[in-house]
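# Secondary and tertiary structure notes
Here are the chains, one letter per residue:
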Amino acid sequence: MQTQALDRMFLALADPSRRGLIERLSRGPATVTQLAAPARMRLPSAVKHLKVLEEGGLAVSRKVGRTRTYSIQPRALRTIADWARSREAAWNSAFDRLAAAMQELPEKESEQ
Amino acid sequence: MKTVEIEHTTFVIERELPGSPRHAFRFWSDPDLKQRWAGCHADWTVLDERFDFRAGGAEVKRWRTPEGDELTFHAHYLDIVPERRIIYAYEMSFKGERLSASLVTIELMPSKTLTRMKFTEQAVFLMGGAAREQRVMGTEQGFDRLLEAVAAETAEVC
């Protein structure tokens, strides 16, 4: 991913209200009104946050008539293959911790 | 009737670990040492934990997520050669529904003063209803992890 795109994604995720919106969208598409009310947001504020999510590549919107509907960027939702990749990623971070733990507790110390 | 998609995947991870194969092996065989790196879900409540590290023995973990859903890990050790090899089969379930079943082979090889570890997982992913739900949850966790990773640059998380 390009650094600029990554920056925008981090910015999009750096706010708890925006993360709340992403969580809501991961359960299905919704309109601004449907998103704002449970999040206790005013409409203009919700629109602003959603714009940041869209720019961060995490959400997409579609306007039908006067209603704009937001949904999660399909790429952000894992495909089957990505699910396996995510397990691989989980192992990789576990093995980072394994290497660190072995370093922290060298052979002699851990056998005492 | 629910549609269940089946996906077979194999992945291999090779790592150099600090210390001898004997040392590395202990971080798989000793429950306290394994806990130091394998468990890292601060917000999951442990409901059940069993660790019987021997061929024919089982390792079981059962958690409750903050959302109140149950997740289980059930492993069965098939082959153990101290300091050299561990083979086990395991399954993961979410809310009582199977998500995946795997065969894992861990090979430890000496490499000068270090250990070369080769981890191979042959997995079957069962993508039914619960799997889909877990996948969405996983996505949310993914975002949390991403943020944690950023935070970890300034502070240790796990």
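To start, this report covers the structure provided alongside it.

About the criteria used
Residues numbered from 1 in each chain as written. Chains lettered and ligands numbered in written order. Predicted model: local features only at pLDDT ≥ 70, side-chain atom pairs only at ≥ 80, totals over all residues. Helix = DSSP H or I, 4+ residues; strand = E, 2+ residues; numbered from the N terminus. Buried ≥ 20, exposed ≤ 12 C-beta atoms within 10 Å, placed from the backbone. Contact = placed C-beta atoms within 7 Å. Pairing = 2+ DSSP bridges. Axes fitted to C-alpha atoms, helices over the stretch in contact; angles between N-to-C directions. Core = buried A, V, L, I, M, F, W, Y, C linked by C-beta atoms within 7 Å.

## Quick look at the overall build of chain B
In terms of helices and strands, chain B carries 3 helices and 7 strands. The linear arrangement of helices and strands in chain B, starting from the amino end, is β-α-α-β-β-β-β-β-β-α. Evaluated residue by residue, chain B yields a buried proportion of 20% over its 158 residues. Excluding contacts between residues fewer than 6 apart, the proportion of contacts in chain B whose partners are at least 24 apart in sequence is 43%.

## So, the sheet that holds strand β3 (residues 67-72) of chain A
All names here are of chain A. Reading across from one edge, β1-β3-β2 is the order of the 3 strands in this open sheet, with antiparallel pairing throughout. Lying at the two open borders of the sheet, with one neighbouring strand each, are β1 (30-31) and β2 (59-64). Note: β2 against β3, 6 bridges, orientation antiparallel. By the bridge assignment for β3, K63 is matched with R68. Helix-sheet contacts for helix α2 (residues 16-25) involve β1, β2 and β3, and the interaxial angle to β3 is about 85 degrees. Packing against the sheet, helix α4 (residues 43-55) makes contact with β2 and β3, and its axis sits at approximately 120 degrees to β2.

## Considering the nonpolar core
Counting 14 residues, the largest nonpolar core has L21, I22, L25, L50, L53, L58 and A59 of chain A as its most contacted members. Secondary structure elements with two or more residues in this core: α1 (3-13), α2, α3 (32-36), α4 and β3 of chain A. In terms of nonpolar packing, the next biggest core, distinct from the first, is built from 10 residues, L98 and M102 of chain A together with L17 and M117 of chain B among them.

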